[in-house]
Amino acid sequence: MRAVILALLAILAVRPAQAQDVLRVGDQRGNARALMEAAGVLDGLPYRLDWSEFPAAAPLLEALNAGAIDAGGVGDAPFTFAAAAGVPVKAFLAFRNRQDGLAILVLKESPLRTVADLKGKRVATNRGSIGHQVVLAALEEAGLPADSVTFSFLPPADAKIALASGAVDAWSTWEPYTSTAELAGLVRVIRDGNGITPGLTFAVASDDAIRTKRALLADFGARLARARAWALTDPRPYAAVWSKLIGLPEAVPLRWFGRAAYRAVPIDASVIADEQRSIDLYVRAGLIPKARAPRAEAILDTSVSQTAAAVQ
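What counts, and where the lines are drawn
- Residues numbered from 1 in each chain as written.
- Predicted model: local features only at pLDDT ≥ 70, side-chain atom pairs only at ≥ 80, totals over all residues.
- Heavy atoms only, no water.
- Helix = DSSP H or I, 4+ residues; strand = E, 2+ residues; numbered from the N terminus.
- Rg over C-alpha atoms; globule rule 2.2 N^0.38 Å.
- Buried < 20%, exposed > 50% of the residue type's maximum accessible area, 1.4 Å probe, protein only.
- Contact = heavy atoms within 4.5 Å.
- Areas by Shrake-Rupley, 256 points an atom, 1.4 Å probe, with all protein chains shown as cover.
- Pairing = 2+ DSSP bridges.
- Axes fitted to C-alpha atoms, helices over the stretch in contact; angles between N-to-C directions.
- Domains from an automatic or database assignment.
- Salt bridge = Lys/Arg side-chain N within 4 Å of Asp/Glu carboxyl O.
- Polar contact = N/O pair within 3.5 Å; in protein donor to acceptor, adjacent residues only side chain to side chain.

(A) Here's a closer look at the overall build of the chain. The secondary structure content of the chain amounts to 14 helices and 11 strands. Since a compact globule built from 312 residues should have a radius of gyration of about 20 Å, the 19 Å found for the chain is in line with a globular shape. Summarising its shape, the C-alpha atoms of the chain cover approximately 60 × 45 × 35 Å along the three principal directions. With 312 residues in all, the chain has 52% of them scored as buried. Of the contacts made within the chain by residues no fewer than 6 positions apart, 81% connect residues no fewer than 24 positions apart. With the model as given, the accessible surface of the chain reaches about 13,400 Å², and the carbon-plus-sulfur share is 54%.

(B) Layout of the sheet that holds strand β6 (residues 122–125). Here 5 strands make up an open sheet; going across it, the order is β7-β6-β8-β5-β9 and the pairing mixed. Bordering the open sheet on either side are β7 (150–153) and β9 (187–192), each of which pairs with just one other strand. Taken pair by pair, the neighbouring strands of this sheet meet at an average axis angle of 30°, ignoring direction. Of the strands in this sheet, β5 (103–107), β6, β7, β8 (170–173) and β9 are in contact with helix α5 (residues 130–141), which crosses β7 at around 170°.

(C) Layout of the domain arrangement of the chain. For the chain, the assigned domains are domain 1 (22–97 + 199–310) and domain 2 (103–192). Spacing between the C-alpha centres of domain 1 and domain 2 amounts to 25 Å. Inspection of the domain 1/domain 2 interface yields 4 salt bridges. Between Arg259 and Glu175 there is a salt bridge; the shortest N-O distance is 3.1 Å. The tally of links between domain 1 and domain 2 comes to 8 residue pairs in polar contact (both at pLDDT 80 or more). Secondary structure elements with two or more residues in the side of domain 1 that touches domain 2: α4 (76–84), α11 (251–260) and α12 (269–284). Looking at the side of domain 1 that touches domain 2 element by element, the count peaks at 5 residues for α11.

(D) Seen up close, unusual backbone geometry. For the bond running from Glu175 to Pro176, omega is 5°, close enough to zero to count as cis. Mapped onto the fold, Pro176 is located in the loop between β8 and α7 (177–183). Phi at Ala261 takes a positive value of approximately 50°, unusual for a residue other than glycine. Structurally, Ala261 can be placed in the loop between α11 and β11 (263–265).

Below is the structure:
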């Protein structure tokens, strides 16, 4: 793993950016900015970073589509839907993680034990989210069609209330919601995302930024990869920063980061294949029309690292 990270950083090493250059980056609270500041990888930055904070991936991608930001970090599900909707966005750096925290949850006393038990039941999640993705993948694995369950499309806070009140039978969610609910003793997992979802997140940028700010994106990507490697070595310092920023007990991020093991990976054949499988899943489920479905290789961009290697 260390060899992969070092190779990635070597590829992304680029000429120094000009001091007057500006990279506008969208972030979600507690993610890239908090991680990079905690890791100290923004010291001596040769350009200006303008950060914008968003509550979720969807508004971040909307801002990118509107030209308000150049880049940001998002999960594979919202990225795929944005690309299918015609947003001029491409991924230039990939991260993999274990999917223990992407899970279909039920109340501890629920009679539901398996994915097959969800047939005819109500499942709360965000439409087009990774929570939606894992339900579709789990149903396929169990040999059930996508319409075997009734989806209630709710944001996480509302979905949690709906599960607790009995308005829905299951809640499909992600971190930190999974760890928070587990540590509170409220839920149990009937299927997580390991083995059925790729565990991919991406650093993405607009087509215009990739064309005009390639060197800045490469430098930012290298620093972000270095920060992820730092947190992978020992998640406790980042967990402490995250806990203070978000206001949740430190046990939540420690559980999340410790089992997720986020790591930067090159955009290679395996990443392209996994992204294509996700696209195909959404097409089969009818969430993305086949005529609008992108090809993975067209939305996963390697030119940032190629340019970086050329100027070494």
